[in-house]
Amino acid sequence: VTVSVEPQTVFIERSGDRQFLSFDFKIENRGAQPLRISKIELSVFDRAGSLQLRKFLASSGLQHGKDEIASVEKQSSSFVYNPFEDFPQDVELASLRYDFTFVAGEDVPESTVTVTFRPTVFAAKTKLQLPLKGRVLVHDGHDFFAHHRRFNLSHPFLKEIGVSHNFTRFASDLCIVNENGDLRRNANKSNEDWYGFGAAVYSPGPGRVVRMRDGVADNIDGKATFTIEDFRKDPTVPGGNFVIIDHLNGEFSLIAHMKQGSLRVREGDMVRAGQQIGQMGVSGDAYLPHVHYELRDSRELNANGLPAYFHDLVRVRGKRRINVPVDSINSGDIFESR
């Protein structure tokens with residue numbers, strides 16, 4: 001059995017007084033018996049090689065709410081989400097050692113596999129701004145339980161269509177809400193009932209439009225119109241109407257699920273930060289009007305997601321307004337953008 005990390009470069013994402021590690025373990029079992037992960041231990045070292053902390057996750061006792069303690073079938077591979085993703089800022093994440101303990105049966109001795117790596121603090125190159133104005137809710141971000149994070153790369157369908165990297169690893173779904181945090185005015189099935197449907201969408205940074213689509217009809221009552229065969233033929237179908245902007249520094253922005261016929265740019269256009277590029281819609285794999293935003297390292301499907309840091313934020317905490325010069329965003333955050 002072997003254990004490796006995906007992606008090969010693990011980024012440290014910093015937000016407020018915390019730092020986060022978003023990556024997966026690929027477990028390959030080439031043996032003749034299924035294996036069960038009975039324990040995962042993490043040891044964190046500073047640059048001098050001194051131990052800073054240790055963490056443990058074991059399969060004994062009650063069932064865990066997290067699904068890290070998993071089984072790996074014989075002659076197969078499986079992905080396990082890193083269970084230790086959240087650290088205080090004063091912990092120096094210079095070198096990490098993970099020890100995986102496997103069991104194959106009652107009469108078989110336990111075995112341990114160790115993987116060690118050095119994560120990298122992500123140095124953002126693009127000065128990003130939120131692509132929406134008004135009161136913006138991060139409906140679903142990239143925290144441990146967010147669907148963008150839980151991208152099972154061992155799923156047979158993803159293998160079939162050639163997806164081998166999680167390009168949504170640091171993505172966010174952004175909605176427009178009113179002062180009470182409501183997403184819609186009433187409970188009817190009209191798209192126009194949602195506060196965000198048709199809202200202007202802006203370029204998050206300067207660059208060149210390198211890919212776009214504008215002809216996908218918006219879903220009605222959140223019911224997607226594409227089929228699994230459409231997905232097989234074109235793996236970008238779930239994005240609906242979208243724009244990919246090359247920031248000309250190795251970073252690319254994907255803005256997806258926009259309103260049919262609303263795009264104001266074409267491939268090859270140069271755009272500036274804050275320039276309107278379209279309107280919020282509910283096209284593709286979307287059950288409510290929102291903007292899917294992700295920063296990535298390529299325009300291609302098999303891109304790696306990158307941490308996105310937005311500038312000049314105003315975070316809403318009840319009646320308080322907190323000016324934030326730059327920070328990442330995540331599930332549940334509410335911002336005001338002008």
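Relevant structure appears above.
Residues numbered from 1 in each chain as written. Predicted model: local features only at pLDDT ≥ 70, side-chain atom pairs only at ≥ 80, totals over all residues. Heavy atoms only, no water.

> Even after reading the chapter, I still don't get the overall build of the protein, so can you show me in this structure?
Per the secondary structure count, the protein includes two helices and 25 strands. Radius of gyration (C-alpha) of the protein: 21 Å, near the 20 Å computed for a compact globule of 338 residues. Taken along its principal axes, the extent of the C-alpha atoms in the protein is 65 × 45 × 40 Å. Across the protein, the fraction of contacts at a sequence separation of at least 24, relative to all contacts at a separation of at least 6, is 69%. Accessible surface, the protein as shown: approximately 15800 Å² in total, 48% of it carbon and sulfur. (Helix = DSSP H or I, 4+ residues; strand = E, 2+ residues; numbered from the N terminus. Rg over C-alpha atoms; globule rule 2.2 N^0.38 Å. Contact = heavy atoms within 4.5 Å. Areas by Shrake-Rupley, 256 points an atom, 1.4 Å probe, with all protein chains shown as cover.)

> Looking at this structure, I do not really get the environment of Gly196. What am I missing?
Of note, Gly196 is situated in the loop between strand S14 (172–176) and strand S15 (200–202). Separated by 93 residues in sequence, Gly196 and Val103 have C-alpha atoms that sit 51 Å apart. Those residues in contact with Gly196, other than ones at most four positions away along the chain, are Ile176 and Met280.

> Whenever I open this one, the pattern of salt bridges confuses me. Can you help?
It is possible for side chains bearing opposite charge to pair when their charged atoms get close. Under the counting rule described, the total for this entry stands at 18 salt bridges. Where Asp24 meets Arg169, a salt bridge forms, and the shortest distance between an N and an O atom there is 3.0 Å. Of this pair, Asp24 sits in strand S4 (residues 24–29) while Arg169 sits in the loop between helix H1 (156–160) and S14, and the two are 145 residues apart along the sequence. Taking relative accessible area as the criterion, Asp24 reaches 0% and is therefore assigned buried. A salt bridge links Lys39 to Glu41, with the nearest nitrogen and oxygen atoms 3.2 Å apart. Classification of Lys39 as partly exposed rests on a relative accessible area of 30%. The class of Glu41 is buried, set by a relative accessible area of 14%. Shared partners join several salt bridges into a network, and the residues in it are Arg135, Arg321, Glu336 and Arg338. (Salt bridge = Lys/Arg side-chain N within 4 Å of Asp/Glu carboxyl O. Buried < 20%, exposed > 50% of the residue type's maximum accessible area, 1.4 Å probe, protein only.)

> Would you explain the pairing of S4 in this entry?
Each regular strand shows side chains that alternate between the opposite faces of the sheet. The sheet contact formed by strand S1 (residues 2–6) and S4 spans five bridges and is antiparallel. Paired with Ser4 across the two strands is Lys26, which belongs to S4. The sheet contact formed by S4 and strand S8 (residues 76–81) spans six bridges and is antiparallel. When the sheet's bridge partners are listed, Phe25 is paired in S8 with Val80. (Pairing = 2+ DSSP bridges.)

> Help me understand the nonpolar core in this model?
One broad trend across soluble globular proteins is that nonpolar side chains are buried collectively. By size, the foremost hydrophobic cluster in this structure holds 33 residues, and its most contacted members are Leu132, Val201, Val243, Ile255, Phe310 and Ile329. Considering each element in turn, this core owes the most residues, three residues, to strand S21 (residues 291–296). Excluding residues that lie within four positions of it along the chain, Phe310 makes contacts with Leu128, Gln129, Leu130, Pro131, Tyr293, Pro325, Val326, Asp327 and Ile329. Core analysis: the next-biggest nonpolar cluster, separate from the first, contains 28 residues, Ile37, Ile40, Leu42 and Val72 among them. (Core = buried A, V, L, I, M, F, W, Y, C linked by side-chain atoms within 4.5 Å.)

> I tried to follow the side chain of Ser172 on my own but got confused; where do I start?
Counting through the fold element by element, Ser172 comes out in strand S14. Given a relative accessible area of 3%, Ser172 falls into the buried group. When near neighbours in sequence (up to four residues on either side) are disregarded, Ser172 contacts Val138, Asp140, Gly141, His142, His148, Val291, His292, Tyr293 and Ile329.

> What is the right way to read the environment of Ile334 from this model?
Along the chain, Ile334 falls in strand S25 (residues 334–337). As a C-alpha pair, Ile334 and Leu306 span 28 residues in sequence and 21 Å in three-dimensional space. With near-sequence residues (within four places) excluded, Ile334 lies in contact with Arg135, Val136, Leu137, Val314, Arg315 and Val316.

> Any chance you could explain unusual backbone geometry here in plain terms?
If a residue is not glycine, its phi is most likely negative; likewise, a peptide bond is most likely trans. Residue Pro7 is reached from Glu6 by a cis peptide bond, and omega for that bond is 0 degrees. Following the sequence through the fold, Pro7 ends up in the loop between S1 and strand S2 (11–15). A positive phi angle is found at Asp312, which is not glycine, with a value near 55 degrees. Along the polypeptide, Asp312 turns up in strand S23 (residues 310–317).

> I tried to follow the sheet that holds S4 on my own but got confused; where do I start?
Strand pairing in a sheet relies on backbone hydrogen bonds. The paired strands run either parallel or antiparallel. The strand order across the open sheet formed by three strands is S1-S4-S8, and the pairing between neighbours is antiparallel. Each of the sheet's edge strands pairs with one partner strand only, and the pair in question is S1 and S8. Taking each pair of neighbouring strands and ignoring which way they run, the sheet shows an average axis angle of 25 degrees. (Axes fitted to C-alpha atoms, helices over the stretch in contact; angles between N-to-C directions.)

> I'm lost on the packing of aromatic side chains in this one. Help?
By convention here, two paired aromatic rings are described through the distance between centres and the angle between planes. Going through the model one piece at a time under the given rule, you end up with 14 aromatic pairs. Taken together, a centroid distance of 6.2 Å and an interplanar angle of 15 degrees make the contact between Phe100 and Phe102 stacked. Taking the relative accessible area as the measure of exposure, Phe100 reaches 0% and is therefore buried. Judged by relative accessible area, which is 1%, Phe102 ranks as buried. Pairing Phe226 with Phe231 gives two aromatic rings, centres 6.2 Å apart and planes at 80 degrees, and the pair type is edge-to-face. Judged by its relative accessible area of 18%, Phe231 falls in the buried class. Ring pairs connect the aromatic residues Phe23, Phe25, Phe84, Tyr98, Phe100, Phe102 and Phe117, which therefore count as one cluster. A cation over an aromatic ring shows up here: Lys55 above the ring of Phe87, its NZ or CZ 4.7 Å from the ring centre. Above the plane of the ring of Tyr202 lies Lys133, whose end atom (NZ or CZ) is 4.8 Å from the centre. (Phe/Tyr/Trp six-rings, centres within 6.5 Å; stacked < 30°, edge-to-face > 60°. Lys NZ or Arg CZ within 6 Å of the ring centre and 35° of its normal.)

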